Amino acid sequence: MSKHSVLSPSGWKRWSNCPASLKEVEHARLLKLDDSSPYAAEGTQAHSYAEQVLKGKLDLDAVPEDFHDGVALYVNSIRADLEFGGEILGIEKRLKWVTDVRVGGTPDCVHRVGNCIVITDLKYGAGEYVSADSMQLQIYGFLAARKYGKKTDTQIELRVVQPRYERDGLEKIRSTFWDRQELDDNVSEFLLNAIEQIETSPDLRKSGDHCKWCPASRLPGMPPCPEHVKQFTDLLATVPLDKPSDLATLSETERLKKILDSEPLILGLLKHGGCP
Ligand code: SF4
């Protein structure tokens with residue numbers, strides 16, 4: 001946790017929505033709580049192989065079978081550009097925003113092809129779709145253009161390689177292309193607004209989907225977050241299971257829908273032992 005910038009691109013949803021989560025992250029760090037998971041360890045391992053292969057320290061054929069195809073997809077997407085005159089600018093190199101050094105992160109690979117700076121992000125998870133225009137990638141593109149950009153660089157490509165996400169024929173390699181100035185304006189505005197909220201309302205708590213990335217919602221040993229608990233309490237009020245009289249007024253389809261809609265809540269309660 002300590003290696004991460006306070007305002008890391010990967011945490012953008014959490015810190016831009018809920019300033020108080022910054023204190024929760026710091027609290028978890030001071031408590032030295034275990035933030036590891038088998039999924040994170042697997043992702044770290046895949047990134048390590050990918051980095052070594054791209055740097056020429058490991059042959060692609062030497063990557064263990066379990067990881068080989070995913071790493072190959074990522075590495076070959078970059079090597080294809082290098083064969084057309086591209087150049088590597090940084091592999092796993094840390095970038096910071098000079099205006100506010102709390103903003104910083106480490107893109108997997110930055111390279112240039114012609115007048116385009118390409119940020120490639122290896123997403124090894126199979127469960128959650130990552131779009132190629134996410135603010136995480138936009139911030140990487142913004143920082144990379146400022147660090148490596150030449151006057152002749154007019155375009156930014158944000159590329160996601162997600163080898164294990166297989167749904168509905170979606171491409172495992174996907175990109176969005178940005179005018180450099182447009183991306184710069186977009187991200188500058190986002191960061192300045194988020195930072196202003198953090199400065200003016202540091203204790204503001206706002207719950208939402210982003211809570212799943214906050215230690216206060218998911219790490220055993222952390223005191224429960226009142227706003228997150230409220231979110232669960234509000235949700236509980238909508239659970240049909242303790243209101244048989246309400247259920248009786250619903251059609252079979254509506255009843256089924258209510259029960260299915262309650263699944264995340266029930267799973268959350270089970271995960272947190274009944275105390276979110
Ligand atoms: S659990 Fe949610 S509401 Fe609470 S501090 Fe974390 S992000 Fe904010």
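Use the structure listed above.
Residues numbered from 1 in each chain as written. Predicted model: local features only at pLDDT ≥ 70, side-chain atom pairs only at ≥ 80, totals over all residues.

Draft legend 1. The arrangement of the pairing of strand β4 (residues 109-113) in detail. For β4, the buried fraction is high: 4 of the 5 residues fall into the buried class. Sheet analysis places strand β1 (residues 87-91) next to β4, joined by 4 bridges and oriented antiparallel. Residue isoleucine 91 lies in a different strand from β4, and its bridge partner there is cysteine 109. Where β4 hands over to strand β5 (residues 116-122), the hairpin turn is made up of 2 residues, of which glycine 114 adopts a positive phi near 60°. (Buried ≥ 20, exposed ≤ 12 C-beta atoms within 10 Å, placed from the backbone. Helix = DSSP H or I, 4+ residues; strand = E, 2+ residues; numbered from the N terminus. Pairing = 2+ DSSP bridges.)

Draft legend 2. Spotlight on the sheet that holds strand β6 (residues 155-161). Spatial strand order, β1-β4-β5-β6-β7: 5 strands in an open sheet with mixed pairing. Looking at strand neighbours, the two that pair on one side only are β1 and β7 (173-179), the edges of this open sheet. Put simply, the sheet's adjacent strands are angled 20° from each other on average, direction ignored. Here β5 runs beside β6; their pairing, made up of 7 bridges, is parallel. Among the inter-strand pairings, leucine 122 is bridged to a residue of β6, identified as valine 161. Along the sheet, helix α4 (residues 65-83) makes contact with β4, β5, β6 and β7, crossing β5 at roughly 170°. Against the sheet, helix α5 (residues 135-148) touches β1, β4, β5, β6 and β7, its axis set at about 135° to β5. (Axes fitted to C-alpha atoms, helices over the stretch in contact; angles between N-to-C directions. Contact = placed C-beta atoms within 7 Å.)

Draft legend 3. Spotlight on the site of the ligand. Inspection of the region around the ligand gives 16 residues, with Cys18, Cys211, Cys214, Cys225 and His228 positioned closest. Split into classes, the residues belonging to the shell around the ligand amount to 6 nonpolar, 5 polar and 5 charged. (Near = placed C-beta within 6 Å. Nonpolar A, V, L, I, M, F, W, Y, C, P; charged D, E, K, R; others polar.)

Draft legend 4. Region of interest: α5. The end-to-end C-alpha distance of α5, which contains 14 residues, comes to 20 Å, matching closely the 20 Å that a straight helix rising 1.5 Å per residue would cover. In terms of residue burial, α5 counts as a mostly covered element, since 10 of its 14 residues are buried. Along α5, the residues that are buried comprise Gln136, Leu137, Gln138, Ile139, Tyr140, Gly141, Phe142, Leu143, Ala144 and Ala145. (Expected span 1.5 Å × (residues − 1).)

Draft legend 5. Inspection of the nonpolar core at higher detail. By size, the foremost hydrophobic cluster in this structure holds 39 residues, and its most contacted members are Ala50, Val53, Val71, Val75, Ile119, Leu143 and Ala144. Mapped by element, the contributors of at least two residues to this core are α1 (12-17), α3 (38-54), α4, β4, β5, α5, β6 and α6 (180-200). With 7 residues, α5 is the single largest residue contributor to this core. (Core = buried A, V, L, I, M, F, W, Y, C linked by C-beta atoms within 7 Å.)

Draft legend 6. Spotlight on the pairing of β6. When you tally the buried positions in β6, you get 5 out of 7 residues, the bulk of the element. Each parallel crossover has a hand, and for β5 linked through α5 to β6 it is right-handed. Judged from the 7 bridges that link them, β6 and β7 form a sheet pairing that is antiparallel. Within the sheet, the bridge partner assigned to glutamate 157 lies in β7 and is phenylalanine 177. (Right-handed = clockwise from strand over helix to strand, strands pointing away.)

Draft legend 7. Here's a closer look at the packing of α5 against α6. Two numbers describe how α5 lies on α6: the axes approach to 9 Å, and their chain directions differ by 115°. With respect to α6, the element α5 is oriented roughly perpendicular. When you trace α5 past α6, the crossing you get is left-handed. Contacts from Met135, Gln138, Ile139, Gly141, Phe142 and Ala145 in α5 reach Arg180, Leu183, Asp184, Asn186, Val187 and Phe190 in α6. (Parallel < 35°, antiparallel > 145°, perpendicular 65-115°, else oblique. Left-handed = near helix turned anticlockwise from the far one by under 90°.)

Draft legend 8. Spotlight on the environment of alanine 20. Mapped onto the elements, alanine 20 comes out in the loop between α1 and α2 (21-30). Along the chain, alanine 20 and proline 202 lie 182 residues apart, while their C-alpha atoms are 5.6 Å from each other.

Draft legend 9. Summary view of unusual backbone geometry. Even without a glycine there, the phi angle at lysine 32 is positive, about 55°. Taking the C-beta count within 10 Å as the criterion, lysine 32 has 10 such neighbours and is therefore assigned exposed.

Draft legend 10. Molecular detail of the packing of α3 against α4. Interaxial distance between α3 and α4 falls to 10 Å at its minimum, and their mutual angle equals 45°. Classified by the angle between their axes, α3 and α4 sit oblique to one another. For the pair α3 and α4, the crossing hand works out as right-handed. Contacts from Gln45, Ala46, Tyr49, Ala50, Val53 and Leu54 of α3 reach α4 at Phe67, Gly70, Val71, Tyr74, Val75 and Ile78. Looking at side-chain class alone, the contact of α3 with α4 contains 10 nonpolar, 2 polar and no charged residues.

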